[in-house]
Amino acid sequence: LRGRAPGPRAASETREMSEDSAGRLVVRGHVKWFDPGKGFGFVVADEGGPDILLHANVLRAFGQSTVADGSAIVVEATRTERGLQAAAVVTITPP
């Protein structure tokens, strides 16, 4: 299956998430889980798609060291070889 063009999931990601002027995806979702001991967790987009990695450094840049599971969150995400990763937090609303 190597070398195949992106399937329907990639097309739906483009439709469900908007890009900002820097080419980052602006994603609204909620925190699936975050483990401060591990230093990371995951965000689930409201519109579906793959989980988005949320690293502790991104939270610290926002001024927080942790975030409650289930919190509403808006992040700017970038595509990496391993999938989507939050690059910046825009807003967090506790559950």
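Our structure's up above, just so we're on the same page.
Draft legend 1. Summary view of the overall build of the chain. For the chain, the helix and strand inventory stands at 2 helices and 6 strands. Beginning at the N terminus, the succession of helices and strands in the chain can be written as α-β-β-β-β-α-β-β. Taking all 95 residues of the chain together, 31% fall into the buried category. By sequence separation, contacts in the chain at least 24 residues apart represent 49% of the contacts at least 6 residues apart. Carbon and sulfur atoms make up 50% of the accessible area of the chain, which totals about 6000 Å².

Draft legend 2. The arrangement of the nonpolar core in detail. The biggest cluster of nonpolar side chains holds 19 residues, and the ones touching the most others in it are Leu 54, Ile 73 and Val 89. Mapped by element, the contributors of at least two residues to this core are strand S2 (25-35), strand S3 (40-45), strand S4 (52-55), helix H2 (56-62), strand S5 (72-80) and strand S6 (83-93). If we ignore the near neighbours within four places in the chain, the residues touching Leu 54 are Phe 34, Gly 39, Phe 40, Gly 41, Phe 42, Val 43, Leu 59, Val 67, Ile 73, Ala 86 and Val 89.

Draft legend 3. Examining the environment of Gly 39 more closely. Tracing the backbone through its elements, the reader meets Gly 39 in the loop between S2 and S3. Leaving out residues up to four positions away in the same chain, Gly 39 has contacts with Phe 34, Leu 54, His 55 and Ala 56.

Draft legend 4. Inspection of the environment of Asp 35 at higher detail. Looking at the secondary structure, you find Asp 35 in strand S2. You can call Asp 35 partly exposed: its relative accessible area is 27%. Asp 35 sits 34 residues away from Asp 69 along the chain, and the two C-alpha atoms are 9.2 Å apart.

Draft legend 5. Inspection of the pattern of salt bridges at higher detail. Across all of its chains, the model carries 1 salt bridge by this definition. For Asp 51, the salt bridge goes to Lys 32, with nearest N and O atoms at 2.8 Å. With a gap of 19 residues between them, Asp 51 in the loop between S3 and S4 and Lys 32 in strand S2 connect regions that are remote in the sequence.

Draft legend 6. Just the pairing of S4, in detail. Side chains Ile 52 and Leu 54 project from S4 onto a buried face, and the interleaved Leu 53 and His 55 project onto a face without burial. Where S3 and S4 come together, 4 bridges link them in antiparallel fashion. Considered in S4, the bridge of Phe 40 is made with His 55.

Draft legend 7. Representation of the pairing of S2 in the model. Note that S2 and S5 share 6 bridges and pair antiparallel. Of the residues in S5, the one forming a bridge with Val 26 is Glu 76. Bridge analysis of S2 against S3 gives 6 bridges, and the strand direction is antiparallel. Bridging across to S3, Gly 29 finds its partner in Ala 45. Between the antiparallel neighbours S2 and S3 lie 4 residues, among them Gly 39 with a positive phi of about 85°.

What counts, and where the lines are drawn
Residues numbered from 1 in each chain as written. Predicted model: local features only at pLDDT ≥ 70, side-chain atom pairs only at ≥ 80, totals over all residues. Heavy atoms only, no water. Helix = DSSP H or I, 4+ residues; strand = E, 2+ residues; numbered from the N terminus. Buried < 20%, exposed > 50% of the residue type's maximum accessible area, 1.4 Å probe, protein only. Contact = heavy atoms within 4.5 Å. Areas by Shrake-Rupley, 256 points an atom, 1.4 Å probe, with all protein chains shown as cover. Core = buried A, V, L, I, M, F, W, Y, C linked by side-chain atoms within 4.5 Å. Salt bridge = Lys/Arg side-chain N within 4 Å of Asp/Glu carboxyl O. Pairing = 2+ DSSP bridges.

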